[in-house]
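Below, each chain spelled out in residue letters.
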Amino acid sequence: MAVIMSCFPSALTKKPRRKPSLNGNGLTVQKDLSGRERKTHLAERTAVVPQTITVKDLPVNLRRLSRNSTYLMKVLGQILSAFALSGYISFNVKFMKEQYRVPQSTISIAGVLPMVLGMMIGVGLGSMFVRHFKLSPRGIGYVMAACSFLGATCFFSVTGLGCSQDHIIGVDDVAEPYNTTSADVCMRKNDCKCQNAHFNPVCDTGRGRTYVSACAAGCSSSNRRNGTKYYLDCVCAIGDVGSLFGELENTTWVTADVLATSVVLSGVCPKQCSNFPIYVALMSLAMVCMGFPTAGAVMLQFRIVDKDLKSLVNGLSTFAMSALGMLPAPILLGWLIDSSCRFWQTDSCGTRGACWIYNADEFRWKFHAIVGAVRLINCLTDLTVTYKVRYLAFRA
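Every chain is numbered independently, its residues counted from 1 as its sequence is written. In view of the model being predicted, local features appear only for residues whose pLDDT reaches at least 70, and side-chain atom pairs are presented and counted only at 80 or more, with totals across whole chains, interfaces and linings using the full set of residues. Hydrogens and waters are ignored; side-chain quantities use all the structure's heavy atoms.

**Quick look at the overall build of the protein chain**
What counts as a helix is a DSSP run of H or I of at least four residues, what counts as a strand is a run of E of at least two, and both are numbered from the N terminus. Along its length, the protein chain carries 13 helices and 11 strands. The rule is simple: take the accessible area with a 1.4 Å probe, protein chains only, and divide by the maximum for that residue type; under 20% is buried, over 50% is exposed, in between is partly exposed. Counting every position in the protein chain, which comprises 396 residues, the buried fraction comes to 39%. Contact between two residues is taken to exist if any of their heavy atoms lie within 4.5 Å; hydrogens are not considered. In the protein chain, once contacts between residues fewer than 6 apart in sequence are set aside, the share between residues at least 24 apart is 67%. Each accessible area value is a Shrake-Rupley result obtained with a 1.4 Å probe; residue values ignore everything except the protein chains displayed when judging cover. Counting every atom, the protein chain has about 23,500 Å² of accessible surface; 60% of that belongs to carbon and sulfur.

**A few points about the pairing of strand 7 (residues 221-225)**
The criterion for strand pairing is that DSSP finds at least two bridges linking the strands in question. Bridge count between strand 7 and strand 8 (residues 228-232): 5 bridges; the pairing is antiparallel. Counterpart to serine 222 in the pairing with strand 8 is tyrosine 231.

**Focus on the environment of arginine 375**
Along the chain, the position of arginine 375 falls in helix 13 (residues 360-388). A relative accessible area of 2% places arginine 375 in the buried class. C-alpha of arginine 375 to C-alpha of serine 81: the two residues are 294 residues apart in sequence and 6.7 Å apart in space. Ignoring anything within four residues of it in the chain, the contact list for arginine 375 reads Ser81, Ala84, Cys147, Ser148, Ala152, Phe155, Cys289 and Met290.

**Topic: the pattern of salt bridges**
We define a salt bridge as a side-chain nitrogen of Lys or Arg found within 4 Å of a carboxyl oxygen belonging to Asp or Glu. Enumeration according to the criterion identifies 5 salt bridges in this entry. A salt bridge links aspartate 306 to arginine 64; the shortest N-O distance between them is 2.7 Å. Within this pair, whereas aspartate 306 is found in the loop between helix 10 (294-303) and helix 11 (310-326), its partner arginine 64 is found in helix 2 (residues 58-66), the two being separated by 242 residues in sequence. Taking relative accessible area as the criterion, aspartate 306 reaches 42% and is therefore assigned partly exposed.

**Describing a nonpolar patch on the surface**
Residues enter a patch when their relative accessible area is above 30% and they make no salt bridge; the linking distance is 9 Å between like charges and 5 Å between nonpolar side chains (Val, Leu, Ile, Met, Phe, Trp, Tyr). On the surface, a nonpolar cluster with roughly 830 Å² of combined accessible area is contributed by Ile109, Val112, Leu113, Val116, Leu117, Met120, Ile121, Leu125 and Met128. At 7 residues, the largest contribution of residues to the nonpolar patch is made by helix 5 (residues 113-133).

**A closer look at the packing of helix 6 (residues 137-157) against helix 13**
Working convention: axes come from line fits to C-alpha atoms, limited for helices to the stretch in contact. Angles between N-to-C directions cover 0 to 180 degrees. Contact geometry for helix 6 and helix 13: axes closest at 8 Å, N-to-C directions at 165°. Looking at the two axes, helix 6 sits roughly antiparallel to helix 13. Both helix 6 and helix 13 take part in a crossing whose hand is left-handed. Here Arg138, Gly141, Tyr142, Met144, Ala145, Cys147, Ser148, Phe149, Ala152, Phe155 and Phe156 of helix 6 come into contact with helix 13, specifically with His368, Ala369, Val371, Gly372, Ala373, Arg375, Leu376, Asn378, Cys379, Asp382, Leu383 and Thr386. We call Asp, Glu, Lys and Arg charged. Ala, Val, Leu, Ile, Met, Phe, Trp, Tyr, Cys and Pro are nonpolar, and the rest, Gly among them, are polar. In the contact of helix 6 with helix 13, the residues fall into 14 nonpolar, 6 polar and 3 charged. Any angle that is under 35 degrees is reported as roughly parallel, and any over 145 degrees as roughly antiparallel; angles of 65 to 115 degrees are reported as roughly perpendicular and all others as oblique. Left-handed describes a crossing in which the near helix is turned anticlockwise from the far one by less than a right angle; the clockwise case is right-handed.

This is the structure we're talking about:
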C-alpha cells in the first residue's frame, strides 16, 4: 500500500482558468449558467492568499491554544477517555481468566472481538446519528456527556457480577495467608519438603478443593492416562487414589464413597458461573458508548479553534492522548491491581516475581471502579465543554 501511495504525484496540476474580461469601468463580465451576463468588480473577485505558517509561529500558536479554555477542557476529556480505554484493554483478558475460569480460547475471543466490534459499531452509529440530526456543537456535547455517563454506569454495574473466589489450600485457608496452614501441618507431618512460593495447583475433584501444589496435597507420584495427568498417594487430600490404577491403600479418615469419586488432577478446580455472558454484553455496550461520539467530537474540536490551527490541534490532541492517557494507564492500573495479589512468585533469594493468583473480588471492583470513575469525570468535562459552546454553531 505504501508503494502504491508513493506513485501518486506530490501535487496535482490545475487547469488554467480563463481570465475574466474587463470593461472600462474595472468590472468583470462573465456569463452564468443561463447565459446571462453578470458583472462584478475586480476587487470582489481578488482571492485572499493565506499566510504560510512556519516553525517560528509555533510558540505563538501554542500560546493561542493555551488561552482557549474550551479546547483545553476538550483535550482533558480526550485524555480521560484514552486513559479508560487503554487501562481496560490492557487487563480485561487477565481479569476474565482470574474471575471466570473459562477456557483460554473463549477468553481470547470474548476479550477482543466484542471490544473491537463495539467500537466499530459505535463509531458507525455515531456518524450516522450526527449526520441525520445535523447536531449543533451543543447537541454533540450532550451526546458526549451521555455516552460517558452510560459507559461509567456499565463499568460500575459489573463490579457486582463476580463469581465465588477460588479457595486454595496452602494459600488462604487461614486468616493470614502466609501463616501456618492446614497444608503446612500435613506436609510437616509427612515430611513432604515442599518448595515455598511454588504454585502448581491441583484439584481434588471429589471434594472440590484446590491445593497450591501437588506436594501440598501430599502427592508422591503421578500417572498419565489419555493425556490427563493424575496424582497418586495424595495423603493430605483424599488419602491414596491409586485405586484408579489398582493400587488402593485404605485410610481411616476417608470414606469409600469419597475415594470412589475423588481424583486429584492438575489445575484449579472448575467452577460454575453464569455471569460471564452478562459481563461480556455490558462491556460491549461500554465500548459502543466509547466509540459513538467520535465523529462529533472531531467536528467539535475543529470548530472551537481558528482555521489556521486545525492541523496543530490534531497533532497536539493525539500527542496528549498518547503521552498522558494511553501510556500511564497500564502502569497505574497495574500497580493498583497488584495490590490485590494473594500469592507472589518468589525465588530462593526472596526476590518477588509475578503474581500467581489474585483476590478475585478485589481485582474486580478495583479494576472496574477506577475505569468507571475516570469515565464519570470525563462526563463532567464533556458537560463543561457543552456549556462553553452553548451559543456556538457550525459554519456553513
